[in-house]
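# What the coordinates show
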Amino acid sequence: MPRTSAADLLVQAFLALFGRRFRTLLTMVGISVGLAAALATLGITASAAGAVSDQFDALKATRVTVKYPSEPVAGIRPRPDGGDTQRVRGLNGVRTAGLVSKAGEQPVVSRLSGTSNDLPEGTVLAAQPDALAAMSAELTQGRWFDTGHDARRERVALIDTAAASRLTVDGGAGNSVIHVNGVAFSVLGVFRAPSGDTNLTGSVVVPYWAALQDPAGLGFASAEMIIRTDLGAADQIGAEAPFALAPGAPDKLVALVPPDPRSLRQGVESQTRALFLGLAAVSLGVGALGVSNTAYVSVLERRSEIGLRRALGASRRAVAGQFCIESGLVGLAGGVVGTVLGIQITAVTCLAKDWLVVLDPALTSAGPLVGLVVGLAAGLYPALAAARILPAETLRTGV
C-alpha cells in the first residue's frame, strides 16, 4: 500500500481549503478575532500601565503631607509657628515646605459685608507662602502674598480661579476686596489649583497668621505640613519629617507618603489584563469551536471522497492527517491575521491616547503559533471522525 507523503497531504489540504475558500475565510475570522482581542488586550494594558507609570501625577509622587494632632500632646501644638518649616527645609531632598490649616467652620464669603454667602461651597485656608508652592498652585493674575504680609498680619487673600469667577473678582494689585465672616481681605491675586486638588479648588487662601489669631472666627483645624520633595525622595522624607518636627514624640505626627508608581502600574496592568483576557479567551474559544464545527461538517460532506480515497489505499493516518493539516492551516492563517490586527489595534489606540506603544516581541511572535495550535486542537476530533469512516459503507450508500 503506497504511503502518502507529507507534501501530498499538504497540497491536498490546501486544495480542499481553496475549493471552499469562502467557508475557510469565515472560519479563519473566528480565530483572527479571538487572537486579535488577546494581543490587543495585552498590548493596550501594558501600554496603559506604562502611561500610568509615566504620567503618574508627579505632583502627588513628590508630595508628602504631615498631619499635626488635633489637641496639644507631648509639647506639639495643633497649629505650630513657622519654626517647624525651617527644620523640615533642612532635610536632604526637600524642595520647599509650608504649613496650611483649613477653616473648621463653614465660612461666609461675599463681595459686600453683611450680604449672603456668595461662595457657599468654598473653603478658607490659612497657608504659608511656600505651602502654596508645595501644593503647586499656579498664579494667573496679581501676585502671591509673602512672608512680609504674614509678619505684618496684613489682611490679604488669594483666591482660586473658580472662586474668582463666582465672586466676579479681578485679582490684581489688591484692588478687590472680599469679606470672610464679615472681615475684609484685599485680594492680591488669583491662582489655578492643580488638577484633582479638592482643598484648593474654589478656595480662599489667607496668610498663616490668620490660623493662629483667627480674626474671622473660623475655628481653624490642626495644621498640615505640605512638603515638596525631589523625585524619589518622598519615602525617605516621610520617614524623617516626624523626627525633624517632633524629636521627642515623632509618633504623634502622621506622615502621608504617595504610593509607589510601580505598584500602581502593576495593579492597573494585572486588573485590566485579567478582565479583558477573559473576554479574549472566550472569543478565541468561540473561534476554535467554529473551526471544529466547520471541519466536522466538512467530514460529513466529504464522506464519499474519504471512502474513495480509503478504497484506493489511503490509510486512516493519511485521512486524519489531511484534516488536521486543513484545520492547522486555517488556524495558522487566522493567527497571522489576528496578530497583525492585534498590533494595529494596539498602535491605533495608543496613538489616539498619546501613549507609548508597548508590545512584547515574544507575544507577537507567538501569535501565529497560537493560531496553529488552536486550529490543530479544534480539528483533532473531526480528523479522528474522518479516519473512522469505512470505505465499503460509503461506496455502497453513495454518501
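Fair warning: this is a prediction, and the values are worked out from it, not measured in the lab.

Conventions used here
Sequence positions are assigned chain by chain, starting from 1 and proceeding in written order. Reporting in this predicted model follows two pLDDT cut-offs: at least 70 for local features of residues, and 80 or more for side-chain atom pairs to be given and counted; totals over whole chains, interfaces and linings ignore these cut-offs and use all residues. Note: side-chain values were computed over all heavy atoms of the structure, leaving out hydrogens and water. Partly exposed describes any residue whose relative accessible area lies between the buried limit of under 20% and the exposed limit of over 50%, with all areas from a 1.4 Å probe on protein chains only and scaled to the type maximum. For helices the rule is a DSSP run of H or I covering at least 4 residues; for strands it is a run of E covering at least 2, with both sets numbered from the N terminus onward. Here the arc refers to the set of directions running from the helix axis out to each C-beta atom. In this scheme, patches are assembled from residues that exceed 30% relative accessible area and form no salt bridge. Like charges are connected within 9 Å, while nonpolar side chains (Val, Leu, Ile, Met, Phe, Trp, Tyr) are connected within 5 Å. The method behind every accessible area is Shrake-Rupley, applied with a 1.4 Å probe, and residues are considered shielded solely by the protein chains displayed. By convention in these notes, a salt bridge is any Lys or Arg side-chain nitrogen within 4 Å of a carboxyl oxygen on Asp or Glu. Orientation is described by axes fitted as lines to C-alpha atoms, over the contacting stretch for helices, and by angles from 0 to 180 degrees between their N-to-C directions. Should the near helix be turned anticlockwise from the far one by less than a right angle, the crossing is left-handed, and should it be turned clockwise, the crossing is right-handed. Between two residues, a contact is recorded if the distance between any of their heavy atoms is within 4.5 Å. As used here, the term nonpolar core means buried Ala, Val, Leu, Ile, Met, Phe, Trp, Tyr and Cys residues forming a set that is joined through side-chain atoms within 4.5 Å. The criterion for strand pairing is that DSSP finds at least two bridges linking the strands in question. By the definition adopted for this analysis, an angle is roughly parallel if under 35 degrees, roughly antiparallel if over 145, roughly perpendicular if from 65 to 115, and oblique otherwise. Just so you know the grouping, Ala, Val, Leu, Ile, Met, Phe, Trp, Tyr, Cys and Pro go in nonpolar, Asp, Glu, Lys and Arg go in charged, and all remaining residues, Gly too, go in polar.

## Examining helix α11 (residues 303-311)
Counting along an α-helix, one turn takes 3.6 residues, and residues three or four places apart therefore face a common direction. What α11 keeps buried is the set I306, G307, R309 and R310. The arc enclosing the buried residues of α11, seen along the axis, measures out at 165 degrees, which places them on a common side.

## Some details on a nonpolar patch on the surface
Taken together, the side chains of V11, F14, L15 and F18 make up a nonpolar region of the molecular surface, amounting to roughly 430 Å² of accessible area. Structurally, the position occupied by F14 is in helix α1 (residues 6-19).

## Regarding the pattern of salt bridges
One pass over the structure, following the stated rule, counts 8 salt bridges. The closest approach of N and O atoms between R95 and D230, which form a salt bridge, is 2.9 Å. With R95 in strand β2 (residues 94-102) and D230 in the loop between β10 (224-229) and α9 (234-245), this pair connects stretches of sequence that are 135 residues apart.

## Some points on the packing of α11 against helix α12 (residues 316-353)
The description of two packed helices rests on the angle between their axes and on the distance between the axes. Across the interface, α11 lies against α12 with an axial gap of 10 Å and an inter-helix angle of 140 degrees. Pair α11 / α12 crosses with right-handed handedness. Contacts between α11 and α12 involve E305, I306, R309 and R310 from the first element and R316, V319, Q322 and F323 from the second.

## Notes on the nonpolar core
Side chains of a nonpolar character, in soluble globular proteins, are inclined to be buried together. V124, I159, I178, V204, M225 and I227 are the most contacted members of the largest nonpolar core, which totals 46 residues. In terms of residues, this core owes the most to one element, α9, which gives 5 residues. In this structure, I227 is in contact with T62, R63, V64, V66, V88, V94, T96, A97, I237 and A241, ignoring residues within four places of it in sequence. Of all hydrophobic cores here, the second largest spans 17 residues; its members include A131, L132, L188 and V205.

## Remarks on the pairing of β2
The side chains of a regular strand alternate between the sheet's two faces. Of all the 9 residues making up β2, 7 are buried; the element is thus mostly covered by neighbouring parts of the structure. Two strands pair when backbone bridges link them, and β2 and β10 are joined in this way by 6 bridges, in the antiparallel orientation. Its bridge partner being in β10, V100 is matched across the sheet by E224. Bridge count between β2 and strand β4 (residues 123-127): 3 bridges; the pairing is antiparallel. What sits directly across from S101, in β4, is A126.

## Things to note about the pairing of β4
Judged by how many residues are buried, β4 sits mostly within the fold: 5 of 5 residues are covered. Burial of β4 is two-sided: the residues T123, L125 and A127 facing one way and the residues V124 and A126 facing the other way are all buried. Sheet topology places β4 next to strand β9 (residues 203-207); 5 bridges connect them, and they run parallel. Counterpart to L125 in the pairing with β9 is V205.

## A look at the packing of α12 against helix α13 (residues 361-387)
At a closest axis distance of 6 Å, the pairing of α12 and α13 adopts a crossing angle of 150 degrees. Relative to α13, the element α12 is oriented roughly antiparallel. The two elements α12 and α13 meet at a crossing, and its hand is right-handed. Per-class residue counts for the contact of α12 with α13 are 14 nonpolar, 10 polar and 1 charged.

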